[in-house]
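Here is how the chains run, residue by residue.
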Amino acid sequence: MSLCFSSTAFNLHSAKNQSFLTRFSSHFTNPTKVTSSPFTGFPSSLLNLSEVVKFSKDRLKPISASTTPTLETTVTPSFRNKSPKDINVLVVGATGYIGKFVVKELVDREFNVIAIAREKSGIRGKFSKDETLSQLKGANVCFSDVTNLDSLEKSMEELGVSIDVVVSCLASRSGGVKDSWKIDYEATKNSLVAGRNRGASHFVLLSAICVQKPLLEFQRAKLKFEDELIKEAKEDSGFSYSIVRPTAFFKSLGGQVELVKDGKPYVMFGDGKLCACKPISEADLASFIADCVLSENKINQVLPIGGPGKALTPMEQGELLFRLVGREPKFLKVPIEIMDFAIGVLDFLVKIFPSMEDTAEFGKIGRYYAAESMLVLDPETGEYSAEKTPSYGKDTLEDFFQTVLREGMAGQELGEQTIF
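Residues numbered from 1 in each chain as written. Predicted model: local features only at pLDDT ≥ 70, side-chain atom pairs only at ≥ 80, totals over all residues. Heavy atoms only, no water.

Enquirer: Where do I start with the pairing of strand β9 (residues 240-246) in this structure?
Expert: Strand residues, when the strand is regular, have side chains that alternate between the two faces of the sheet. Burial of β9 is extensive: seven of the seven residues sit out of reach of the surface. Alignment of strand β8 (residues 202-206) against β9, held across five bridges, turns out to be parallel. By the bridge assignment, L206 is partnered in β9 with V244. Viewed along the sheet, the connection from β8 through helix α6 (residues 217-235) into β9 turns out right-handed. Pairing between β9 and strand β11 (residues 301-305): five bridges, direction parallel. Bridging from a neighbouring strand, P246 pairs with I305 of β11. (Buried < 20%, exposed > 50% of the residue type's maximum accessible area, 1.4 Å probe, protein only. Helix = DSSP H or I, 4+ residues; strand = E, 2+ residues; numbered from the N terminus. Pairing = 2+ DSSP bridges. Right-handed = clockwise from strand over helix to strand, strands pointing away.)

This is how it looks when you write it as structure tokens:
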């Protein structure tokens with residue numbers, strides 16, 4: 001049985017399951033109001049859940065990614081006429097790097113937030129229930145398993161309230177082959193099914209700008225779900241989506257701050273100009289995602305988004321960092337061909353040792369981020385365009401570097417796989 005908690009008062013209003021709700025209310029310390037309304041069943045247009053993800057030939061087929069709005073029809077679900085305090089928002093991936101900031105932003109905007117979390121959350125399950133409740137303060141936390149549809153639906157049924165909007169911040173922590181499909185596709189799809197079955201009429205998806213050029217498994221998994229989400233909106237005029245594709249996160253660029261501070265060289269591939277990005281802070285991205293809940297100009301849109309300022313190459317990022325620490329720039333340039341050779345060796349070894357599949361994939365991920373820009377890919381020119389990459393927010397990479405130099409990378413853990 002799932003367990004749901006709140007750090008505030010939580011009143012459940014539903015004409016259904018009143019006897020359960022009376023018992024359920026004892027799980028909460030003080031109530032925040034979560035309203036409910038009649039909801040309809042899940043449309044039959046969604047793909048059969050028994051479909052098995054294939055990891056053989058299917059993942060080798062090229063997938064095209066949309067960079068422009070897919071639908072022109074404007075849909076205005078009834079929840080948009082409510083005030084935030086009367087809108088129930090289900091957040092999955094709530095304990096992830098971005099998810100925690102999204103929950104906080106939605107709570108600050110006075111939405112009724114229901115955050116789904118594992119009983120042991122965080123990297124390698126290092127956070128207890130109490131720690132998770134503290135991290136998601138102000139939200140109604142429901143401990144469940146998004147990778148198990150039956151468990152998730154049971155949790156939602158026991159909760160006994162309708163859902164207006166689902167916000168998914170789910171992402172594979174490792175980028176491994178099977179984990180990517182399990183989280184970026186299957187678990188995300190489970191959240192769509194469970195949300196729709198509770199009446200959700202809008203879905204906000206945190207995707208990634210790199211799916212424009214899908215060469216990796218997690219990109220293919222994300223795109224498969226994006227395609228199904230778009231199809232669902234095409235077939236049901238009462239349902240809408242917002243697909244958010246952010247550029248690089250600040251933390252992904254912070255791995256070398258301490259090295260440079262200690263006098264080490266800044267490591268980069270090629271000439272340091274192979275790629276560029278417009279990094280965005282977690283708080284600014286969370287704000288943009290929260291905007292997508294009610295903003296009608298973001299309905300049925302694919303939304304690439306970067307942070308403020310110009311696009312920066314690795315060379316420029318390094319120069320900025322050296323300036324902040326007051327040292328002469330010192331770079332170590334690594335030929336990209338070294339990664340190509342290593343990937344070739346790993347691909348050969350996988351044929352002999354299939355268990356090395358993820359190791360080979362991690363090498364490809366490193367190669368991708370060393371050479372591909374996190375900017376909008378112009379379909380007309382086939383080139384990355386800083387000008388066509390929208391900017392949002394106020395936090396700059398310089399601000400982030402200064403904070404890390406003062407306080408370190410606490411809370412900015414780089415997860416399972418890092419290059420430097």
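That covers the picture; the talk isn't over yet.
Enquirer: When you look at α6 in this model, what are you seeing that I'm missing?
Expert: A turn of α-helix holds 3.6 residues, and therefore any two residues three or four places apart point the same way. Along its 19 residues, α6 runs 27 Å from first to last C-alpha, staying within 8% of the 27 Å computed at 1.5 Å per residue. α6 sits mainly inside the fold: 14 of its 19 residues count as buried. (Expected span 1.5 Å × (residues − 1).)

Enquirer: How should the nonpolar core be read in this particular structure?
Expert: For soluble globular proteins, the rule of thumb is that nonpolar side chains tend to be buried together. Core analysis: the largest hydrophobic core is formed by 34 residues, its most contacted members being L106, V167 and I289. Going through the elements one at a time, β4 (88-92), α2 (99-108), β5 (112-117), β6 (140-143), β7 (165-168), β8, α8 (282-294) and β11 are the ones with two or more residues in this core. Broken down by element, the residue count for this core peaks at seven residues, all from α8. In contact with L106, other than residues within four places in its own chain, are V89, V91, F111, V113, A290 and V293. Among the nonpolar cores identified, the runner-up in size contains 31 residues, and C142, L152, A187 and A200 belong to it. (Core = buried A, V, L, I, M, F, W, Y, C linked by side-chain atoms within 4.5 Å. Contact = heavy atoms within 4.5 Å.)

Enquirer: I'm lost on the pairing of β5 in this one. Help?
Expert: Most of β5 is tucked away, with six of its six residues classed as buried. Residue alternation in β5 divides its side chains into two sets, N112, I114 and I116 and V113, A115 and A117, and both sets are buried. As paired elements, β4 and β5 share four bridges and run parallel to each other. When the bridges of β5 are listed, N88 appears paired with N112. With respect to chirality, the unit in which β4 leads through α2 into the neighbouring parallel β5 is right-handed. Pairing between β5 and β6: four bridges, direction parallel. In the sheet register, I116 faces β6, and the bridge partner there is C142.

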